[in-house]
Amino acid sequence: MPQHEPAAKPIPYDPAFEILEEDEAETAQAIVDQMRKILEITANDYGHSVRSVHAKSHGLLRGELEVYGNLPEAYAQGIFREGARYDAVLRFSTNPGDILDDSISVPRGLALKIIGVEGERLEGSEGANTQDFVMINGPAFSAPTAKAFLSSLKLLAATTDTPQVLKKVASAALRGAETLVEAAGGESPTLLSLGGHPNTHPLGDTFHTQVPLLYGPYMAKLSVAPVSANLLDHSGEKVTTRGRPDALREELNDHFAGGGGEWELRVQLLTDPETMPLEDSSVVWPEEKSPHVAVARLRVAPQDAWNEARSKAVDDAMAFSPWHGITEHRPLGSVMRVRKPAYEMSGEFRARFNRCPIHEPASAADTGLPD
């Protein structure tokens, strides 16, 4: 795979780039409290604990990540050492903390767990050999700061127990409103997150970390983009959800029953702190300053995409967090910092309520997912 040097020299990380928000510790605790509220509501409703965000999975897949050779030094960092090869678990989801019919259309997520990683571990993930990347199908986070994220989370928590029939009506109206906003050249993260997301096929989407992380001595955002023709065919494809509450699961099962798929993992290095701010997660980093550069190929073979056994193995027995990993990929910025205790609380709550220990797989065989 031909590679090229960065368009501009990447800037080495300096602690001065990270600036604590006022009352950041209090904000982090408030986020924990809101996520626990969602967990308690849904556990009471279902008799089973699901995630406080991204509760509903649509595809649970086993794959392989192969790092390209001949990478420039700036891109051959962390787990992306030249020629490295890892097993991987992919979890496709949608963002609410309750299990909704797919006619309520919301942003899609991709959580990626890389297995067999070596390196100094982040606090809280000692003893594991995994690296997680948690992504959404949009280039920037819905809130600029931790406090703004808390405000949006309070809204999600307040609507967790709203009857689905009302959410379906609201989603249809919000999709119409978002279409008007986009026709005027804009986009509303609030409308998208509350049900106004276009009801398109998730396998045609590009997923982004949205918020930055260390990339060896540098700073970067990562993305996963479809590259095989059978995935690109789904780009912009509308999914019919009428009478199909689990339409996205059905679509992913249909796809992977007859074919696999390939994605590229791409890196966008921070080269200009003015236009690529570390502490404003809502800013899309400009491609002309630093393009996304492919560093690895993610491959998934044909397999069952979703069934109850896979859900027990991944939804119940695994947790995904950007804080599961090595220090060379430490999450950066206030939004990442305040989410760390919330991820930890969510995993502990689910494990305790479901009486199902959560573990980090040490190998592909340890995932509970068949070949």
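Procedures and definitions
Residues numbered from 1 in each chain as written. Predicted model: local features only at pLDDT ≥ 70, side-chain atom pairs only at ≥ 80, totals over all residues. Heavy atoms only, no water. Helix = DSSP H or I, 4+ residues; strand = E, 2+ residues; numbered from the N terminus. Contact = heavy atoms within 4.5 Å. Areas by Shrake-Rupley, 256 points an atom, 1.4 Å probe, with all protein chains shown as cover. Salt bridge = Lys/Arg side-chain N within 4 Å of Asp/Glu carboxyl O. Buried < 20%, exposed > 50% of the residue type's maximum accessible area, 1.4 Å probe, protein only. Pairing = 2+ DSSP bridges. Axes fitted to C-alpha atoms, helices over the stretch in contact; angles between N-to-C directions. Parallel < 35°, antiparallel > 145°, perpendicular 65-115°, else oblique. Left-handed = near helix turned anticlockwise from the far one by under 90°. Nonpolar A, V, L, I, M, F, W, Y, C, P; charged D, E, K, R; others polar. Polar contact = N/O pair within 3.5 Å; in protein donor to acceptor, adjacent residues only side chain to side chain.

- Taking an unreviewed UniProt entry as the reference, the protein is identified by name as Catalase belonging to Aureimonas pseudogalii.

### Some words on the overall build of the protein
Item 1. A tally of regular secondary structure across the protein gives eight helices and nine strands.
Item 2. Put simply, 78% of the contacts in the protein that link residues at least 6 apart link residues at least 24 apart.
Item 3. If you sum the accessible surface of the protein, you get close to 15100 Å²; carbon and sulfur atoms cover 53% of it.

### A short note on the pattern of salt bridges
Item 1. Taken as a whole, this structure holds 22 salt bridges when the rule is applied.
Item 2. Across the pair Arg 91 and Asp 315 runs a salt bridge whose closest N-O atoms are separated by 2.8 Å. Here Asp 315 lies in helix α7 (residues 308-316) and Arg 91 lies in strand β2 (residues 85-94), a separation of 224 residues in the sequence. As far as the burial class goes, Arg 91 and Asp 315 line up, both buried.
Item 3. Across the pair Glu 264 and Arg 297 runs a salt bridge, and its minimum N-O distance is 3.6 Å. Highlighted residues: Glu 264 in strand β8 (residues 261-269) and Arg 297 in strand β9 (residues 293-300), separated in sequence by 33 residues. For the pair shown, Glu 264 and Arg 297 are each scored as buried.
Item 4. Within the structure, one salt-bridge network assembled from shared partners comprises Glu 64, Glu 66, Arg 85, Glu 262, Glu 264, Arg 266, Arg 297 and Arg 299.

### Description of the pairing of strand β4 (residues 130-136)
Item 1. Within β4, six of the seven residues are buried, which leaves it mostly tucked inside the rest of the structure.
Item 2. Relative to β4, strand β3 (residues 108-115) is paired through seven bridges, and the arrangement is antiparallel. The residue bridging Ala 111 from the neighbouring strand is Val 134, located in β4.

### Let's talk about the packing of helix α1 (residues 24-46) against helix α2 (residues 146-158)
Item 1. As a packed pair, α1 and α2 sit with axes 10 Å apart at the nearest point and diverge in direction by 20°. Here α1 lies roughly parallel to α2, going by the angle between them. Where α1 crosses over α2, the handedness of that crossing is left-handed. In this structure, α1 uses Thr 27, Ala 30, Ile 31, Gln 34, Met 35, Lys 37, Ile 38 and Ile 41 to contact α2, whose residues at the interface are Ala 146, Lys 147, Phe 149, Leu 150, Leu 153, Lys 154 and Ala 157.
Item 2. In the contact of α1 with α2, the residues fall into 10 nonpolar, two polar and three charged.

### Examining the side chain of Thr 42
Item 1. Structurally, Thr 42 can be placed in helix α1.
Item 2. Residue Thr 42 is classed as buried on the basis of its relative accessible area of 1%.
Item 3. Within the structure, Thr 42 has its side chain in polar contact with the backbone oxygen of Leu 39 (distance 3.2 Å).
Item 4. Excluding its chain neighbours within four sequence positions, the residues that come into contact with Thr 42 are Gly 47, His 48, Val 50, Gly 97, Asp 98 and Thr 160.

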